[in-house]
Amino acid sequence: MSRQEDPDQEVTGLRPVDLARAAGISTQQIRNYADAGILPPAPRSPAGYRRFDALHRQALLTYRALIRGYGPGPAQGIMRAVHAGEVSQALALVDSCHAELHAQRVALRTTGEALAAVAAEDPGAPAPPRSRLRIGEVAAHLGVRTSALRVWEAAGLLTPSRDPVTHYRSYLPADVRDARVIHMLRQSHYPLPQIRPVLDDLRHSGGVEALRAAVARRAEALDQRTRAMLEGAGRLHQYLTDAPTPLVSSS
């Protein structure tokens, strides 16, 4: 598109295409970001063209870095709060994301410590209070809702037998063990498809290698997210430092 054809360009400064190239996105996304408050207010030329500059480019790269660490929703909330002059609110969003990540690390560490013990249990050992439990008893035993057990069954992770007369679900000790493993992994935010190979390894070999590998992969993913958060937070700090005071308040 030529300069005359671009409705948001300006003769001097940065065009939408310049910002788009800097971030590897489309010019329409640049306009969407400007309209959404992700970028600082863009003055208009007498002809009505947006006037972007180095500050808009810095805001764009800050937002894109925040997405990688904090996710699109929080990143958008952070940038909008900054441009509304609510820096304290933006920083509170940053804090909440770090607190959430810390909670996931704690849950993962607990899961890693508990999984080995759960996997080592003898599948034939009686599960309290009886060797065969109904769905409500299993839910109470694990501290979950019966609806969660049904979801796990629908996903093919649990296969309890059925009473031939009443057709009620009947959970053997091995089923209860599997449900406990699923519950622990779900607490660490594992999606259901990633739990299947863990259970398959546990059922077929009785080993814990798949469990350990799953925990290790999750730990690596958390490390990568922490690094991305550090990058995003660093860019945000620089942006807050460089932005003019009328744009961002120190409230």
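Cut-offs used in this document
- Residues numbered from 1 in each chain as written.
- Predicted model: local features only at pLDDT ≥ 70, side-chain atom pairs only at ≥ 80, totals over all residues.
- Heavy atoms only, no water.
- Helix = DSSP H or I, 4+ residues; strand = E, 2+ residues; numbered from the N terminus.
- Contact = heavy atoms within 4.5 Å.
- Areas by Shrake-Rupley, 256 points an atom, 1.4 Å probe, with all protein chains shown as cover.
- Expected span 1.5 Å × (residues − 1).
- Buried < 20%, exposed > 50% of the residue type's maximum accessible area, 1.4 Å probe, protein only.
- Salt bridge = Lys/Arg side-chain N within 4 Å of Asp/Glu carboxyl O.
- Axes fitted to C-alpha atoms, helices over the stretch in contact; angles between N-to-C directions.
- Parallel < 35°, antiparallel > 145°, perpendicular 65-115°, else oblique.
- Nonpolar A, V, L, I, M, F, W, Y, C, P; charged D, E, K, R; others polar.
- Phe/Tyr/Trp six-rings, centres within 6.5 Å; stacked < 30°, edge-to-face > 60°.

Enquirer: Can you explain the overall build of the protein chain? Please cite residues and give values.
Expert: Of regular secondary structure, the protein chain possesses 10 helices and two strands. Order of helices (α) and strands (β) in the protein chain, N terminus to C terminus: α-α-α-α-α-α-α-β-β-α-α-α. Partitioning the intrachain contacts of the protein chain with sequence separation of at least 6 by distance along the chain shows that 62% fall at a separation of at least 24. Total accessible area on the protein chain is roughly 13200 Å²; 54% of this is exposed by carbon and sulfur atoms.

Enquirer: Run through helix 10 (residues 209-242), naming residues and quoting values.
Expert: Taking 1.5 Å of rise per residue, the 34 residues of helix 10 would be expected to cover 50 Å, and the 50 Å separating its terminal C-alpha atoms lies within 8% of that figure. Of all the residues in helix 10, the buried ones are A210, L211, A214, V215, R218, L222, A228, M229, G232, L236 and Y239.

Enquirer: Describe in detail the pattern of salt bridges, supporting the description with residues and values.
Expert: Within the structure shown, the criterion is met by seven salt bridges. The partner of R50 in a salt bridge is D35, and the shortest N-O contact between them spans 2.6 Å. Of this pair, R50 sits in the loop between helix 2 (27-36) and helix 3 (54-70) while D35 is found in helix 2, placing the two residues 15 residues apart along the sequence. Using a relative accessible area of 8% as the deciding quantity, one classes R50 as buried. With a shortest N-O distance of 2.6 Å, E153 and R169 are connected by a salt bridge. Residue E153 is found in helix 7 (residues 146-154), and its partner R169 is found in strand 2 (residues 169-170); the two are separated by 16 residues along the sequence.

Enquirer: Residues and numbers for the side chain of S188, please.
Expert: Summarising the element assignment, S188 is placed in the loop between helix 8 (173-187) and helix 9 (192-205). With relative accessibility at 2%, the residue S188 sits in the buried group. When sequence neighbours within four positions are dropped, the list of residues in contact with S188 reads A107, L108, T111 and R218.

Enquirer: Go over the packing of helix 2 against helix 3 with me, naming the residues and quoting the values.
Expert: Running from amino to carboxyl end, helix 2 crosses helix 3 at an angle of 95 degrees, the nearest separation of the two axes being 12 Å. Viewed along their axes, helix 2 and helix 3 adopt a mutual orientation that is roughly perpendicular. Residue-level contacts link Q29, I30 and Y33 of helix 2 to L60, Y63 and R64 of helix 3. Among the residues making up the contact of helix 2 with helix 3, the classes are represented as four nonpolar, one polar and one charged.

Enquirer: Give me the packing of aromatic side chains: which residues, what numbers.
Expert: The description of an aromatic ring pair rests on the distance of the ring centres and on the angle between the ring planes. Tallied over the full model, the rule gives one aromatic pair. The interplanar angle of 75 degrees and the centroid separation of 5.0 Å between the aromatic rings of Y33 and Y63 together place this pair among those described as edge-to-face. Here Y33 is found in helix 2, whereas its partner Y63 is found in helix 3, with 30 residues between them in sequence. Y63 matches Y33 in its accessibility class, with the two residues each being buried.

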